[in-house]
Amino acid sequence: MTEPSDLLRLIEGTCSPDEAAAIQAWIAQDPRRAALLDELRAVWRLTGDTVRSWDIGEAGERLREARDGRLARPDPFPARPRVLTVSHGAPDPAPVAPRAWRVVAPPARVAALLALALAGTVVWRLRLSAAPPREYATARGQRSELSFPDGSRVLLGVASRLRVPRHYGVRERAVELEGEAYFVVRHDPRHPFRVRTRHGTTEDLGTAFDVRAYGQEQYLQVVVAAGRVALRGARAGSADSVALTLHPRDRGVIDARGNATTTSGVSLQHYLAWTRGTLAFDNAPLSSVTAQLSRWYDLDIQMDRSLRDERLTIAFTTPSADEALAALAKVLDARVTRVERLVRLIPVHPRQ
């Protein structure tokens with residue numbers, strides 16, 4: 001049964017698509033519920049506080065405080081993304097640091113208020129431009145889920161890094177990625193969502209998509225699960241030029257030279273398997289397989305030269321590194337030796 005408190009979950013984007021649809025239907029049954037939702041959204045924008053305990057009954061009072069000037073304007077980045085870190089399937093919620101609030105008395109005259117507001121805006125923007133971005137990183141064998149105040153979500157893959165500027169959401173929503181991440185974006189044409197990587201930029205056109213751009217790999221890969229994505233290379237002549245427009249089940253790749261290719265009808269189950277805790281490879285070079293296994297299980301895998309030309313179609317569903325290595329050795333007809341993190345693959349029957 002839908003409750004008034006579920007409105008907050010809808011605002012924060014913490015409910016599933018099915019729950020969101022049910023809440024929207026519940027709102028449509030009574031205009032007062034829509035009015036309450038609008039009030040809560042107004043307070044949420046003003047306070048930017050997604051971690052405090054919400055009280056539906058206090059929403060109107062907080063809204064009146066804001067309108068009367070008794071509630072200070074918050075940090076322009078409404079709140080740090082919620083972060084949930086997962087290592088091999090074990091959730092480990094990361095603490096969110098509390099933020100300080102300042103209450104400013106309203107000025108006596110409207111003219112003074114306008115002058116202070118204009119001056120404050122200039123200082124505010126200067127401070128924003130100078131402030132370093134927030135950075136979220138995962139280690140090998142670790143993934144993190146981030147929930148942004150605008151309702152967008154990110155699942156950050158293993159050994160990955162996401163940088164979020166302090167002015168996120170003011171004019172645009174742009175992040176920098178090194179590694180792999182799956183984005184579910186709440187589309188807002190007035191504030192485009194962009195993912196910048198070394199080899200190109202991915203722009204949301206209302207969608208869910210996967211971006212892969214590890215520093216050791218000389219390409220940017222984007223796979224679209226839903227909606228559309230605009231993809232352009234880092235060497236594009238104009239900031240607004242679009243190299244590719246990707247649709248559901250499209251895979252776009254931009255290499256280090258700026259060459260762009262598209263493949264349609266790819267298997268989402270294959271490319272997004274990592275979001276469900278599975279590594280899947282289809283005719284992949286062994287070097288790519290071992291590189292991802294190293295990130296996934298926090299290993300340093302070395303192989304005999306005779307194995308480097310091998311290509312594999314294989315999936316790993318186990319959280320155990322030893323079980324994954326055993327499966328890999330069986331497919332390769334190889335022997336595995338392991339000393340802590342160091343792993344060596346040696347063929348049982350040396351290739352000629």
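Residues numbered from 1 in each chain as written. Predicted model: local features only at pLDDT ≥ 70, side-chain atom pairs only at ≥ 80, totals over all residues. Heavy atoms only, no water.

(A) Molecular detail of the environment of A329. The residue A329 is located in helix α8 (residues 321-332) in this model. In this structure A329 comes out as buried when scored by relative accessible area, which is 8%. Between the C-alpha atom of A329 and that of V348, which follows or precedes it by 19 residues, the distance is 9.4 Å. Once residues within four sequence positions are removed from consideration, A329 is found in contact with A334 and V336. (Helix = DSSP H or I, 4+ residues; strand = E, 2+ residues; numbered from the N terminus. Buried < 20%, exposed > 50% of the residue type's maximum accessible area, 1.4 Å probe, protein only. Contact = heavy atoms within 4.5 Å.)

(B) The arrangement of the nonpolar core in detail. If you look at the biggest cluster of nonpolar residues, it comprises 30 residues, and the most contacted ones within it are L286, V289, L293, Y297, F316 and L328. Mapped onto this core, the elements with two or more residues apiece are β16 (279-285), α7 (286-297), β17 (300-303), β18 (311-316), α8 and β20 (342-347). Those residues in contact with L293 that sit more than four places away from it in its chain are L279, D298, I301, F316 and L328. With 26 residues, the next largest nonpolar core counts V164, A181, F183 and V195 among its residues. (Core = buried A, V, L, I, M, F, W, Y, C linked by side-chain atoms within 4.5 Å.)

(C) Focus on the sheet that holds strand β19 (residues 334-339). Reading across from one edge, β17-β20-β19 is the order of the three strands in this open sheet, with mixed pairing throughout. Each of the sheet's edge strands pairs with one partner strand only, and the pair in question is β17 and β19. Looking at each pair of strands side by side, their axes are set apart by 20° on average, direction ignored. Both β19 and β20 contribute to a ladder of six bridges, which runs antiparallel. Pairing of V336 across the sheet is with L345, part of β20. Contacts from α7 reach β17 and β20, with the element oriented near 160° to β17. (Pairing = 2+ DSSP bridges. Axes fitted to C-alpha atoms, helices over the stretch in contact; angles between N-to-C directions.)

(D) The confidence of the model for the protein chain, seen in detail. Chain-level statistics for the protein chain give a pLDDT mean of 75 and a share of 67% at 70 or above. When the criterion is pLDDT under 50, residues 45-79 qualifies, and its contacts beyond four places in sequence or with other chains add up to 77 contacts. In this model, residues 88-126 is a region of pLDDT below 50 whose contacts with residues beyond four sequence positions or in other chains number 43 contacts. (pLDDT = per-residue confidence, 0-100.)

(E) Spotlight on the packing of aromatic side chains. Tallied over the entire structure, the rule returns four aromatic pairs. Centre to centre, the rings of F148 and Y168 are 5.2 Å apart; their planes meet at 25°, and the pair counts as stacked. Here the residue F148 occupies a position in the loop between β4 (142-147) and β5 (153-156), and Y168 occupies one in the loop between β6 (161-164) and β7 (173-184), the gap between them amounting to 20 residues. This pair shows no difference in class: F148 is buried, exactly as Y168 is. Aromatic side chains F281 and F316 sit 6.2 Å apart centroid to centroid with 75° between the ring planes, which places their arrangement in the edge-to-face category. Placement of the pair is F281 in strand β16 and F316 in strand β18, with a sequence separation of 35 residues. Overall, the relative accessible area of 10% leaves F281 in the buried class. Grouping aromatic residues by their ring pairs yields a cluster made of F183, F193 and F209. Here R295 stacks its cationic end above the ring of Y214, 3.7 Å away from the centre of that ring. (Phe/Tyr/Trp six-rings, centres within 6.5 Å; stacked < 30°, edge-to-face > 60°. Lys NZ or Arg CZ within 6 Å of the ring centre and 35° of its normal.)

(F) Examining the pattern of salt bridges more closely. Taken as a whole and judged by the stated rule, the model has 13 salt bridges. For the salt bridge of D188 with R190, the shortest nitrogen-to-oxygen distance reads 3.7 Å. Since its relative accessible area comes to 19%, D188 is described here as buried. (Salt bridge = Lys/Arg side-chain N within 4 Å of Asp/Glu carboxyl O.)

(G) Summary view of the pairing of strand β11 (residues 219-226). In the sheet, strand β10 (residues 208-213) pairs with β11 via five bridges, with the strands oriented antiparallel. Along β11, the bridge assignment pairs V211 with V222. What sits between β10 and β11 in their antiparallel hairpin is a turn of five residues. In this sheet, strand β14 (residues 250-255) lies alongside β11 in antiparallel orientation, the contact comprising five bridges. Following the sheet pairing, Q221 is matched in β14 by V253.

(H) Region of interest: the environment of R173. Here R173 shows up in strand β7. Its relative accessible area of 3% is what places R173 among the buried residues. Separated by 21 residues in the primary sequence, R173 and R194 place their C-alpha atoms 6.3 Å from one another. For R173, the contacting residues outside a window of four places in its chain are D150, S152, Y168, V185, R186, H187, D188, H191, P192, F193, R194 and D204.

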